[in-house]
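Take a look at the letters that make up each chain.
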Amino acid sequence: MKTVFEPAQIAGIQLKNRVIRSATYEGMVDKNGVPTEMVKNLYVRLAKGGVGAIITGFTVVQANGKSGAPMDAMIDDDIYIPAYKKITDAVHAYDTPIIMQISHCGRQTRSKMTGLPIVAPSALRDAFYSEDMPKELSEGEIYELINNFVAAIVRAQKAGFDGVQLHLAHGYLLSEFLSSYANHRTDRWG
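Just so it is clear, the model here is predicted, and its values are computed rather than measured.

This next bit is on the nonpolar core. Membership of the largest hydrophobic core comes to 30 residues, with the highest contact counts inside it found for Tyr 43, Ile 75 and Tyr 84. Contributing elements (two or more residues each) for this core: helix H1 (37–48), strand E6 (73–74), helix H2 (81–92), strand E7 (98–103) and helix H4 (139–158). A total of 5 residues in this core trace back to one element, the largest contributor, which is H2. Aside from chain neighbours lying at most four places away, what touches Tyr 43 is Arg 21, Glu 26, Ile 54, Thr 56, Gly 57, Ile 87, Val 91 and Ile 98. With 7 residues, the next largest nonpolar core counts Val 119, Ile 142, Leu 173 and Trp 189 among its residues.

Printed below as a string of structure tokens:
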């Protein structure tokens, strides 16, 4: 038990202990996906409380990758950097690293919520999000997505985040590419 409260390092990020606040959905953004004072206050409370590191709730790299929930955090444009910088500065005041989780929900969303077509590695319906048939991504669209993930990482770094966590779970886009259930492609992306 003692080791839980001892300092540690993850990929060069120094933690004052091994208690890490895992990513969860907060929904504390404005209608444009800009983080609000509420989420900043949440992260500051966690930092003040002594958590070793904070991983944010998922932050979307491209508009058609929103979860379909009404209030997804966004990082698909430089306009978000100043709001995130306020958060990282506030959290860093308590010697707490903060890591941004970035995501694209792939076929696990609804076009009626995002206002955009659903995309996936293959045109296969999701069992739960079944009202939309996702559009199979072209190779050009895959490269665009890769570039958007990279751009999100650069924005996170500019905003002062200590690291980035790629969301590869819950059947979202990146995990769809790794799943033989969701990915029936026969090209180099299969």
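Moving on: the pattern of salt bridges. Side chains that carry opposite charge are capable of pairing whenever their charged atoms lie near each other. Per the counting criterion, the structure on display carries 10 salt bridges. Among the ionic pairs, Arg 21 bridges to Glu 26, the shortest N-O distance being 2.8 Å. No difference in accessibility class separates Arg 21 from Glu 26, as the two residues are buried. In this structure, Glu 131 and Arg 110 form a salt bridge, with 2.3 Å as the shortest nitrogen-oxygen distance. Of the two residues, Glu 131 sits in the loop between strand E8 (119–120) and strand E9 (135–136) while Arg 110 sits in the loop between E7 and helix H3 (111–114), which places them 21 residues apart along the sequence.

This next bit is on H1. The terminal C-alpha atoms of H1, which comprises 12 residues, lie 16 Å apart, in line with the 16 Å expected from a rise of 1.5 Å per residue. Next to the buried residues of H1 lie strand E3 (20–21), strand E4 (53–55), H2 and E7. At the exit of H1 stands Gly 50, carrying a positive phi of roughly 100°.

Rules and cut-offs
Residues numbered from 1 in each chain as written. Predicted model: local features only at pLDDT ≥ 70, side-chain atom pairs only at ≥ 80, totals over all residues. Heavy atoms only, no water. Core = buried A, V, L, I, M, F, W, Y, C linked by side-chain atoms within 4.5 Å. Buried < 20%, exposed > 50% of the residue type's maximum accessible area, 1.4 Å probe, protein only. Helix = DSSP H or I, 4+ residues; strand = E, 2+ residues; numbered from the N terminus. Contact = heavy atoms within 4.5 Å. Salt bridge = Lys/Arg side-chain N within 4 Å of Asp/Glu carboxyl O. Expected span 1.5 Å × (residues − 1).

Honestly, it's all geometry; don't read function into it.
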